[in-house]
Amino acid sequence: MKMDAVPYPGGRSVSLVQSGLRRMFEIVEAWLDRIFGPAWNPLYQLGALGFFYYWVVAISGIYVYVLFDTGTTEAYDSVQYMTVDQWYLGGVMRSLHRYASDGMILMMVVHMLREFALDRYRGARWFTWVTGTPILWLVFVAGISGYWMVWDQLAQYIAIASTEWFDWLGIFGESIARNFLAPHSLDDRFFTLLTFIHIVAPLLLLLVLWIHLQRVTKPRINPKRGLAAGTFLMLVALSFVKPAVSHPPADLAAVPGVLNLDWFYLSAYPLMDTFSYGAVWAFAAILSFMLFALPWLPPVRRPAAAVVDLDNCNGCERCANDCPFNAILMRPRSDTLPFEQEASVDASLCVACGICAGSCPTSTPFRRASDLIPGIDLPDRSLRVLRDRLEVAAAGLAGDARVIVFGCDHAARLDTLASNRIGTLSLPCIAALPPSFIDYVLSRDLADGVVITGCRDGECFNRYGVAWMEARMAGTRDPYLRPRVPRERILTAWAAGADRAALAKAIEGFRTRLAAQPASPPSPRTPRAKIDGTNTHA
Amino acid sequence: MLKVFRFLGQGVVYALIAVLLGFFADTPAYRHFDDDKAQLTLSVAHSGQHAGTCRRLTAKEIAALPPNMRKPLDCPRERLPVLVEVDLDGQTIVRESIPPSGLFGDGPSQIYENFVIPSGSHRLSARLRDSNRAQGFDYQRELEVEIAPRQRFVIEFRSETGGFRFPAAAGPRG
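Residues numbered from 1 in each chain as written. Chains lettered and ligands numbered in written order. Predicted model: local features only at pLDDT ≥ 70, side-chain atom pairs only at ≥ 80, totals over all residues. Heavy atoms only, no water.

*Asks:* What's the story with the overall build of chain B in this structure? I'm lost.
*Replies:* Summing up its helical and strand segments, chain B has 2 helices and 11 strands in all. For chain B, the succession of helices and strands along the chain, N to C, is α-β-β-β-α-β-β-β-β-β-β-β-β. The C-alpha radius of gyration of chain B comes to 28 Å, more than 25% above the 16 Å expected for a compact globule of 174 residues. In terms of principal-axis extent, the alpha carbons of chain B reach across some 100 × 45 × 25 Å. The burial tally for chain B puts 39% of its 174 residues in the buried class. Residue pairs at least 24 apart in sequence account for 59% of intrachain contacts in chain B once pairs closer than 6 positions are excluded. Counting 22 positive and 20 negative side-chain charges, chain B places the averaged centre of each group 8 Å from the other. (Helix = DSSP H or I, 4+ residues; strand = E, 2+ residues; numbered from the N terminus. Rg over C-alpha atoms; globule rule 2.2 N^0.38 Å. Buried < 20%, exposed > 50% of the residue type's maximum accessible area, 1.4 Å probe, protein only. Contact = heavy atoms within 4.5 Å. Lys, Arg positive; Asp, Glu negative; His and termini not counted. Charge placed at Lys NZ, Arg CZ, Asp CG, Glu CD.)

*Asks:* Can you walk me through helix 17 (residues 465-474) of chain A in this structure?
*Replies:* All names here are of chain A. For helix 17, the buried fraction is high: 8 of the 10 residues fall into the buried class. Those residues of helix 17 that fall on the buried side of the exposure criterion are Gly-465, Val-466, Trp-468, Met-469, Glu-470, Ala-471, Arg-472 and Met-473. Check the buried side of helix 17 and you find it contacts helix 13 (318-322), helix 14 (355-359), helix 16 (436-443), strand 8 (449-454) and strand 9 (490-494). Two residues or fewer past helix 17, Gly-475 is found with a positive phi of approximately 80°.

*Asks:* Just to check I follow, could you spell out the packing of aromatic side chains for this structure?
*Replies:* Centre distance and the angle of the planes are the two values used to describe a pair of aromatic rings. Residue and element names in this part refer to chain A. This structure, assessed with the given rule, holds 30 aromatic pairs over all chains. A network of ring pairs unites the aromatic residues Trp-148, Trp-151, Phe-180, Phe-190 and Phe-191 as a single cluster. Sitting over the face of the ring of Trp-31, Arg-34 holds its NZ or CZ atom 5.3 Å from the ring centroid. The ring centre of Phe-461 lies 4.8 Å from the NZ or CZ of Arg-125, which sits over that ring. (Phe/Tyr/Trp six-rings, centres within 6.5 Å; stacked < 30°, edge-to-face > 60°. Lys NZ or Arg CZ within 6 Å of the ring centre and 35° of its normal.)

*Asks:* For this particular structure, what's the right way to read the sheet that holds strand 10 (residues 152-158) of chain B?
*Replies:* Within a sheet, adjacent strands bond to each other through the backbone by hydrogen bonds, running parallel or antiparallel. Residue and element names in this part refer to chain B. Strand order across the open sheet formed by 4 strands is 7-2-10-11, with mixed pairing between neighbours. If you trace the sheet from one side to the other, it starts and ends with strand 7 (109-118) and strand 11 (163-165), each paired once. Adjacent strand axes in the sheet meet at a mean angle of 15° when their direction is disregarded. Bridging between strand 2 (residues 37-46) and strand 7 involves 10 bridges; their strand directions are antiparallel. Paired with Ala-38 across the strands is Ile-117, a residue of strand 7. (Pairing = 2+ DSSP bridges. Axes fitted to C-alpha atoms, helices over the stretch in contact; angles between N-to-C directions.)

*Asks:* Please clarify how the environment of A:Met82 should be interpreted in this entry.
*Replies:* Residues and elements named next belong to chain A. Examined against the element boundaries, Met-82 turns out to sit in helix 4 (residues 74-85). Residues Met-82 and Val-139, spaced 57 residues apart in sequence, show a C-alpha to C-alpha distance of 24 Å. Apart from the residues within four sequence positions on either side, Met-82 is in contact with Val-64, Leu-67, Phe-68, Trp-87, Gly-90, Gly-91 and Arg-94.

*Asks:* What is the right way to look at the pairing of strand 8 (residues 120-129) of chain B in this model?
*Replies:* The two faces of the sheet receive side chains in turn, since in a regular strand these alternate between them. All names here are of chain B. The buried fraction of strand 8 is high, at 8 of 10 residues. Where strand 5 (residues 82-88) lies against strand 8, 6 bridges are found, and the strand directions are antiparallel. What sits directly across from Leu-83, in strand 8, is Arg-129.

*Asks:* Got a minute to help me understand the domain arrangement of chain B in this structure?
*Replies:* Once the domains are mapped, chain B shows domain 1 (1-30) and domain 2 (32-50 + 80-165). On a C-alpha basis, the centroid separation for the pair domain 1 of chain B and domain 2 of chain B is 52 Å. (Domains from an automatic or database assignment.)

*Asks:* Could you clarify how one ought to interpret the nonpolar core in this entry?
*Replies:* Grouped burial of nonpolar side chains is what soluble globular proteins tend to show. All names here are of chain A. Ranked by internal contacts, the top residues of the largest apolar core, which has 91 residues, are Trp-151, Ile-158, Phe-180 and Leu-235. Sort the elements by how many residues they give to this core and helix 5 (residues 87-117) lands first, with 13 residues. With residues near it in sequence (within four places) discarded, Trp-151 still touches Thr-72, Ala-75, Tyr-76, Gln-156, Ala-159, Phe-180, Leu-186, Phe-191, Pro-249, Ala-250 and Leu-252. (Core = buried A, V, L, I, M, F, W, Y, C linked by side-chain atoms within 4.5 Å.)

*Asks:* How should I be thinking about the interface of chain B and chain A in this particular structure?
*Replies:* Interface size, as often reported, equals the accessible area lost upon joining of the parts. With 39 residues of chain B at the interface, the matching set in chain A holds 46 residues. Approximately 3900 Å² of surface area, both sides summed, lies buried where chain B meets chain A, with 59% of it carried by carbon and sulfur atoms. The interface formed by chain B and chain A includes 1 salt bridge. In this structure, the salt-bridge partner of A:Lys242 is B:Asp26, at a minimum N-O distance of 2.7 Å. One can count 23 residue pairs in polar contact (both at pLDDT 80 or more) joining chain B with chain A. Listing elements by their share of the side of chain B that touches chain A, those giving two or more residues are helix 1 (3-24), strand 1 (30-31), strand 2, strand 7 and strand 10 of chain B. Per-element tally for the side of chain B that touches chain A: the top contributor is helix 1 of chain B, with 12 residues. (Buried area = accessible area lost by both parts, 1.4 Å probe. Salt bridge = Lys/Arg side-chain N within 4 Å of Asp/Glu carboxyl O. Polar contact = N/O pair within 3.5 Å; in protein donor to acceptor, adjacent residues only side chain to side chain.)

*Asks:* Would you explain the sheet that holds strand 9 (residues 139-147) of chain B in this entry?
*Replies:* Residues and elements named next belong to chain B. The strand order across the open sheet formed by 4 strands is 6-5-8-9, and the pairing between neighbours is antiparallel. Each end of this open sheet is capped by a strand with a single partner; those strands are strand 6 (91-98) and strand 9. Direction aside, the axes of adjacent strands within the sheet are offset by 10° on average. Two elements, strand 5 and strand 6, share 7 bridges in a ladder whose sense is antiparallel. Note on strand 6: the bridge partner recorded for Val-84 is Glu-96.

*Asks:* Looking at this structure, I do not really get the domain arrangement of chain A. What am I missing?
*Replies:* Residue and element names in this part refer to chain A. By the assigned domains, chain A splits into domain 1 (1-8 + 384-538), domain 2 (45-296) and domain 3 (302-381). For domain 2 versus domain 3, the separation of C-alpha centres amounts to 45 Å. On the domain 3 side, the residues contacting the 8 residues of domain 2 number 10 residues. Taken over both partners, the interface formed by domain 2 and domain 3 buries close to 760 Å², and the fraction arising from carbon and sulfur atoms is 51%. Together, Ala-124, Arg-215 and Thr-217 form the three largest contributors to the area buried by domain 2 at its contact with domain 3, with a combined 60%. Scanning the region where domain 2 abuts domain 3 turns up 0 salt bridges. Residues belonging to the side of domain 2 that touches domain 3 are distributed by class as follows: 2 nonpolar, 3 polar and 3 charged. (Nonpolar A, V, L, I, M, F, W, Y, C, P; charged D, E, K, R; others polar.)

*Asks:* Help me understand helix 16 of chain A, please; the structure alone is not making it clear to me.
*Replies:* Helical geometry: 3.6 residues make up each α-helical turn, so side chains three or four residues apart lie on a common side. All names here are of chain A. In terms of burial, helix 16 is largely enclosed, as 7 of its 8 residues are buried. Taken together, the buried positions of helix 16 are Ser-436, Phe-437, Ile-438, Asp-439, Tyr-440, Val-441 and Leu-442. Taken together, the buried residues of helix 16 touch helix 15 (383-395), strand 6 (403-408), strand 8, helix 17 and strand 9. Following helix 16 by one or two positions, Asp-445 adopts a phi angle in the positive range, close to 55°.

*Asks:* So what exactly am I meant to see when it comes to the packing of helix 5 of chain A against helix 9 (residues 225-241) of chain A here?
*Replies:* All names here are of chain A. Contact geometry for helix 5 and helix 9: axes closest at 8 Å, N-to-C directions at 120°. The orientation of helix 5 with respect to helix 9, classified from their angle, is oblique. For helix 5 against helix 9, the interelement crossing comes out right-handed. Seen from helix 5, the contacting residues are Trp-87, Tyr-88, Val-92, Ser-95, Leu-96, Tyr-99 and Ala-100; seen from helix 9, they are Phe-232, Leu-235, Val-236, Leu-238, Ser-239 and Phe-240. Residue classes in the contact of helix 5 with helix 9 are distributed as 11 nonpolar, 2 polar and no charged. (Parallel < 35°, antiparallel > 145°, perpendicular 65-115°, else oblique. Left-handed = near helix turned anticlockwise from the far one by under 90°.)

This is the structure we're talking about:
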């Protein structure tokens, strides 16, 4: 059977750029999965790594601040002291401060590119994308103001170019670039102001980061310890091998010639030398607008949000606990049924992943006395329709080792796998599948085996779909897969789009094993397929 | 994958990231300014004279004003534009009539411009008119100057210190 699911609305309109980027990420992620394992894969933890770099910058910054002196000559001298005289601690702290700041930029840019490539920035996810954009600018403000504080020739170059750039706007009563005409025009208190900006911008950044994470549940803000340790050791090693150093001291009577720019932060400055300040303003404004507006360029048709059916909702909270986007709230009962709470969906936050339907205890295909209407369900892709399609798919299977594959729209495509031995059903997320459907397939002899596939382990399009599904099957999260279900007839194989061939191979291997299996009592463990050598755990 | 290969692989990935961070933190070097050139910066922030004539207030009128606002002259807010001219080696590189800033035209006229010039000997002349005279200038200054490579030579105007200020000639910049 062909893939029967309606693809996620963004899926069909994914641009060529997105597709290319996605393919590139999938290839690199597969390699990093092999090297680090899914739990430590840096590409799965870009946001958390960004946070980690932030804390390294903050802590090293506190030490640097202790040694820093504000003043036109004292600033440079104090930085030289920590760099040269106290290279073993002050110098390392300064270098950590710089390289971790650069790391933040790197993580942020790759994070944004990846969210764009994976189409995780629009629909209900617009808020997280939009609030991420000012983070970028705040990091630049914090970083560039830090470079000013050294007051070397690089600082002089940045200071004059920045103030001339702002003067172009004509919003200041008097040109602020005039503050840098000559050494006597610069006051020591200027460095106090710079220090203030350099401290306030990161604090504001923290506030915006908090807002940025408001619409996701259980945000991952700390990388795995092993990854954090490796990253930190890398930064320390880099700080010793290539310590951050200053240019010669600033001299406002001379124009700096050759500069060693930090390209992570200062790439825009050469543009100011090449183009007019107005052109650079226009570029910055257009870029900012594009970033802000990207979730609506073009607007995406959002799938209908999950709907609660109060007659079937007993207020058990499983859906609210499983929702990865804070879209479900429990509130006091509004009807006469004898339960304390009922689920309520905030449609503006709902991405229609269906995880809530998969978690609902009433979502069981065995229901025949009443129609299959769970306590919560997706109007466009209801479980009743899924059961109907499952039965149609099963009816089309023949021969031995018949398999039903349940997959995810955002992982390896299933349509090419379908045959008269393999029936495929794609869901908006694999965790939208209630485990009772697996039981249903095997106990009703709709197939000889069930394959559960979805996004790569550790990297679910809907954040927690893979984790929740694994926990349900392992019996550690409601709703459990019943113990009576024969585990040897289930294959779990996580596979991204690039892993389709490996998934097909894993399914064929599974079918061979199924064909060789005698009728046996249920096993407590679920075997897992090795997709590209990455997704195996027992 | 064998554990040892995984650790080695992780080391390679960390090393690649370190190289990326370490390299682009200060490389490639960027040439902002040529060694044989110098920069001439003109900076003027000066209010032209009042656009209309001032009237001397009578003692009675002054007494009627709040104590903190008493002044002998009643002048219109609007200022005249300021005409600035700069010649470099006999060639005019700036000739601009700068209108007053502010919504009511009562702020200072401002100009801030940079010019890249060859280093070496130059004859500089700067002139400024802030009145409604038809001919001539209210401030002017000329100078023969040796400008060093990469010197930032600032022509600044400050009426409170007598008009145009030129820095002392500097030696070559290291």
